[in-house]
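Next come the chains, spelled out residue by residue.
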Amino acid sequence: MYKFPYKDIISTKQFTRNDLENFFKIAKEMENLVKTGEISDLLKGKIMASLFYEPSTRTRLSFESAMMRLGGRVISVADGTNSSLSKGESLEDNAKINSIYSDISVIRHPEVGSAERTAKAVTKPVINAGDGANQHPTQSLLDVYTILKENKRLDNLNIAIVGDLKYGRTTHSLVYLMGLFDNISFSFISPKELKMPEKVTSFLKEKNISFTETENYIEGIKNADVLYVTRLQKERFTDLSEYEKLKNRFILNLEILKNAKTDITIMHPLPRVNEVNLEVDKLPNAAFFRQAENGLYVRMALLHILLNLSEGKSFSSL
Ligand code: NCD
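Residues numbered from 1 in each chain as written. Predicted model: local features only at pLDDT ≥ 70, side-chain atom pairs only at ≥ 80, totals over all residues. Heavy atoms only, no water.

What about the packing of helix α3 (residues 91-101) against helix α4 (residues 114-121)?
Let me state the cut-off plainly: Where helices are involved, their axes are fitted lines through C-alpha atoms of the stretch in contact, as for all axes, and angles between N-to-C directions lie from 0 to 180°. Elements are defined by DSSP. Helices are runs of H or I of four residues or more, strands are runs of E of two residues or more, and each kind is numbered from the N terminus. Here is the rule for angles: anything less than 35 degrees is roughly parallel, anything more than 145 is roughly antiparallel, 65 through 115 is roughly perpendicular, and the remaining ranges are oblique. Note on convention: the crossing is left-handed when the near helix lies turned anticlockwise from the far helix by less than a right angle, right-handed when the turn is clockwise. Any two residues whose heavy atoms approach within 4.5 Å at even a single point are treated as in contact.
Their axes nearest at 8 Å, the elements α3 and α4 cross at an angle of 55°. In terms of their interaxial angle, α3 and α4 are classed as oblique. Pair α3 / α4 crosses with right-handed handedness. Along the contact surface, α3 presents L91, E92, A95 and K96, while α4 presents S114, R117, T118 and A121.

Regarding empty space enclosed by the protein
Filter applied, for reference: Both cavities and pockets are sets of points on a 1 Å grid over the protein atoms alone; in a cavity a 1.4 Å probe fits but cannot get out, in a pocket the set is open with protein on both sides within 12 Å along at least five of seven lines, and lining residues sit with an atom within 4 Å of a point. Grid points are joined across faces, edges and corners, and a volume is the space filled by probe spheres set on the points. The residue classification treats Ala, Val, Leu, Ile, Met, Phe, Trp, Tyr, Cys and Pro as nonpolar and Asp, Glu, Lys and Arg as charged. All others, Gly included, are polar.
Applying the stated rule across the entire model yields one cavity of 30 Å³ or more. Around the largest cavity, the lining residues are R58, Q139, L142, H268, P269, F288, Q291, A292, G295 and R299. Tallying contributions element by element places helix α11 (residues 288-307) first for the lining of the largest cavity, with five residues. For the lining of the largest cavity, the residue count by class is four nonpolar, four polar and two charged.

A few points about the sheet that holds strand β7 (residues 210-214)
To be explicit about the condition: For two strands to be treated as a pair, DSSP must find no fewer than two bridges joining them.
Strand order in this open sheet of five strands is β7-β6-β5-β8-β9, and the pairing throughout is parallel. In this open sheet, the two strands that pair with only one neighbour each are β7 and β9 (265-267). Neighbour-to-neighbour, the strand axes of this sheet turn through a mean angle of 15°, independent of strand direction. Bridge count between strand β5 (residues 157-162) and strand β6 (residues 184-189): six bridges; the pairing is parallel.

Notes on the site of the ligand
Short version of the rule: Nearness here has a simple test: a residue counts as near a molecule or strand if at least one of its heavy atoms is within 4 Å of that partner. Polar contact criterion, stated in full: a pair of N or O atoms within 3.5 Å, where within protein one must be able to donate a hydrogen and the other to accept it, and residues adjacent in sequence count only if both atoms are side-chain atoms. The protein chains shown are the only cover counted for residues, whose accessible areas, like all others here, come from Shrake-Rupley with a 1.4 Å probe. Molecule-in-pocket calls rest on the fraction of atoms, with more than half required to lie within 2 Å of the cavity or pocket grid points.
Near the ligand you find T59, R108, H136, Q139, R169, T170, R231, Q233, P269, L270 and P271, and these make up its full shell. Contact distances for the ligand include 3.1 Å between a nitrogen atom and a side-chain N or O atom of Q139. Protein coverage of the free-state accessible area of the ligand, which is 320 Å², stands at 94%. Under a 2 Å grid-point criterion requiring more than half of the atoms, the pocket assigned to the ligand is the largest pocket. Classifying every residue of the shell around the ligand gives three nonpolar, five polar and three charged.

Geometric descriptors of this kind do not, in isolation, establish any biological role.
In structure tokens:
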């Protein structure tokens, strides 16, 4: 039986290809469980603390739904202004308290490194549900699971990523994760003000993974097997006039897609603001709502692994 060698999920840099291959088998089992309508109590008696100090719909609700689908229960902070962090309590003290009341914590917080600090403060598992503009590892696990299902492979892919590559944490996590597979290349499409950070491009250079950077949408998607669209992260801009200037620069529509492979997989972590025209939704290869659905299966798998497999229980208990 495969055992995940981690207490916490903090960064996609922590994974190996072997981890992912085993993980996706468990995610598939979870998908089957939901689709066949089986009732599961794999997490009966367990409590998840759902700690969201930044807005969220999909991540919070899919984590909470995942926990409940497996028979567990949830306590939550859905609005940071209701937490003692807003009184000035440290992340570490807050984490210790949350971990007394629960078996696992899922945290989204605007500070880079917040999940790592939380994980270091407690002995129970912690999952990073987004730490500022840094990483969003569980989003990338579901993104890669989606690519596997849509493209039927994870090797030999050209992945175009468009939008806010500077502040878009999902894009950073995705690059580290897809970089584990063979013959992957990236095409980064963004305004020059929102380019992929140096820490990500230097990772690619170290690993000899090829990438291009362009401001030309049509040029950037012409060889792509996957197009990963992101919104501009308005909440991270220090100068809102800069956001206003850039926000309509890259809008995907059917006209632009004429320049891409007809079966290109179109993804988006959501929420979408205006960067994907509604006419794109009708394409069979527009995968963004299926992608959000996959978030449920992937998060069920993560909770099961961190809460059960680390205790030596076999997955066949399903
Ligand atoms: C993303 C995030 O929070 O980083 N949303 C999500 O979790 N699906 C992307 C975004 O907010 O743009």
